[in-house]
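# Examining the three-dimensional arrangement
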Amino acid sequence: MNFSHMKLNPRNWEGISVHCSASDREDQSTLEDIHFLHTSPKYRRFIWGKYHVSGRGYDDVGYNYIIEPTGKLREGRPLHIAGAHTLGYNGTHIGICVIGDKDFQVKQFKTLHKLIDDLKKEFNINEEKVRPHNYFDSRKTCPNFNLEAHRRAHEEYQRRKTK
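Residues numbered from 1 in each chain as written. Predicted model: local features only at pLDDT ≥ 70, side-chain atom pairs only at ≥ 80, totals over all residues. Heavy atoms only, no water.

## Observations concerning the nonpolar core
The following threshold applies: By convention a nonpolar core is built from buried Ala, Val, Leu, Ile, Met, Phe, Trp, Tyr and Cys residues, the set being connected through side-chain atoms within 4.5 Å. Under the scheme applied here, a residue whose accessible area is under 20% of the maximum for its type counts as buried, over 50% as exposed, and between as partly exposed, the area being computed with a 1.4 Å probe on protein chains only. Working definition: helices are DSSP H or I runs of at least four residues, strands are E runs of at least two. Numbering for both runs from the N terminus. In what follows, a contact means two residues having at least one pair of non-hydrogen atoms within 4.5 Å.
With 22 residues, the main nonpolar core has Ile-16, Val-18, Ile-94, Ile-96, Leu-112, Leu-119 and Phe-145 as its most contacted residues. Looking at this core, the elements with two or more residues in it are strand S1 (15–20), strand S2 (65–67), strand S4 (93–98) and helix H3 (106–123). The element contributing the most residues to this core is H3, with six residues. Excluding anything up to four places from it in sequence, Leu-119 contacts Ile-16, Tyr-65, Ile-94, Ile-96, Asn-124 and Ile-125. Counting six residues, the second-largest nonpolar core is a separate cluster that includes Ile-34, Tyr-63, Ile-66 and Cys-97.

## Concerning the side chain of Thr-86
Stated precisely, the cut-off is as follows: Any N or O atom pair separated by 3.5 Å or less is treated as a polar contact, with the protein-specific requirement of one donor-capable and one acceptor-capable atom, and with residues adjacent in sequence counted only for side-chain atom pairs.
As for its position among the elements, Thr-86 is in the loop between strand S3 (73–75) and S4. Residue Thr-86 is classed as buried on the basis of its relative accessible area of 1%. For Thr-86, the side chain forms a polar contact with the side chain of Ser-17, separated by 2.7 Å. If we ignore the near neighbours within four places in the chain, the residues touching Thr-86 are Ser-17, His-19, His-133 and Phe-136.

## Here's the deal with the confidence of the model for the chain
This is how it is decided: Across the chain, each position has a pLDDT score giving the predictor's confidence in that residue, from 0 to 100.
Overall, the prediction assigns the chain a mean pLDDT of 80, with 74% of residues at 70 or greater. Here residues 1–5 is modelled with pLDDT under 50, and outside its nearest four sequence neighbours on either side it reaches seven contacts, counting other chains as well. Below a pLDDT of 50 lies the segment residues 44–56, which in the model reaches 21 contacts outside its immediate sequence neighbourhood of four places, other chains included.

## Details of the pairing of S4
Put simply, the test is: One bridge is not enough; two strands pair if DSSP finds at least two bridges between them.
For S4, the buried fraction is high: six of the six residues fall into the buried class. Here S1 runs beside S4; their pairing, made up of six bridges, is parallel. Note on S4: the bridge partner recorded for Cys-20 is Val-98. Pairing of S2 with S4 involves three bridges; the strand directions are parallel. The residue of S4 that forms the bridge with Ile-67 is Val-98.

## Topic: unusual backbone geometry
Here Cys-142 and Pro-143 are connected by a cis peptide whose omega angle stands at 20 degrees. Relative to the helices and strands, Pro-143 resides in the loop between helix H4 (133–136) and helix H5 (147–162). Even without being a glycine, Asn-144 presents a positive backbone phi close to 65 degrees. Take Asn-144: it is sitting in the loop between H4 and H5. Of the residues examined, Asn-144 reaches a relative accessible area of 18% and is grouped as buried.

## With respect to the packing of aromatic side chains
What counts here: Any Phe, Tyr or Trp ring, taking Trp's six-membered ring, that has another such ring centre within 6.5 Å forms a pair; planes under 30 degrees apart are called stacked, those over 60 apart edge-to-face, and the others tilted.
Counted according to the given criterion, the structure contains five aromatic pairs. Look at Tyr-135 and Phe-136: their rings are 5.2 Å apart centre to centre, the planes differ by 85 degrees, and that puts the pair in the edge-to-face class. In this structure an aromatic cluster arises from ring pairing among Tyr-89, Tyr-135 and Phe-136.

## Remarks on H3
Our working rule: Multiply 1.5 Å by the residue count of a helix minus one, and that product is the helix's expected span.
End to end, H3 covers 26 Å across 18 residues, agreeing with the expected 26 Å (1.5 Å per residue, within 8%). Taken residue by residue, H3 has Gln-108, Phe-109, Thr-111, Leu-112, His-113, Leu-115, Ile-116, Leu-119, Lys-120 and Phe-123 as its buried positions. Following H3 by one or two positions, Asn-124 adopts a phi angle in the positive range, close to 55 degrees.

Written out as C-alpha cells, the structure is:
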C-alpha cells in the first residue's frame, strides 16, 4: 500500500486513543501476531478480516504502539503516517493497543502510563484528550478496562511519589 497520501506532521497530535486486541490467546500476544491477523489472506474470510484487509486495504497494523503482555513496548505504524484505529480520529489521535481482552498484566499498565505520560509531554496533549476506544464508539467495549480509573490511580501515585 502507498501511504504517501496519509503522511502527517507528527506535531499535530490532538489526543490518544487506547485500545485492546480483544484476545487473551497466547498465539495473539505480539506485534507480529497482530500484524499477521490484520494482513493475512487466511483471515479475509472472517468479517473483520474482510473489513480490515480486503475492504480497507490494510497492509499493516493500524496502531502506532502495541504493548505486549510482558510489558514490552513495540512501535507499530510510524507517527508520520495516519493510523487506522479510531474511525474519524486516525489523523489526530495516536493509537495505542494493549494486547489482551480481559486478562491484562500490571507490567502492561506500567508501560501504558509511561508511554501516555511521554506522549503527552512530547506533543503537548492534555489528559482530557487521552480516551478509551469506546469513548469514540459506544458500541465498543474496547479497551475492556477502565482507562479513566487507571489514569487517576497513576496520577495519584505520581503525586505521592514526588512529595
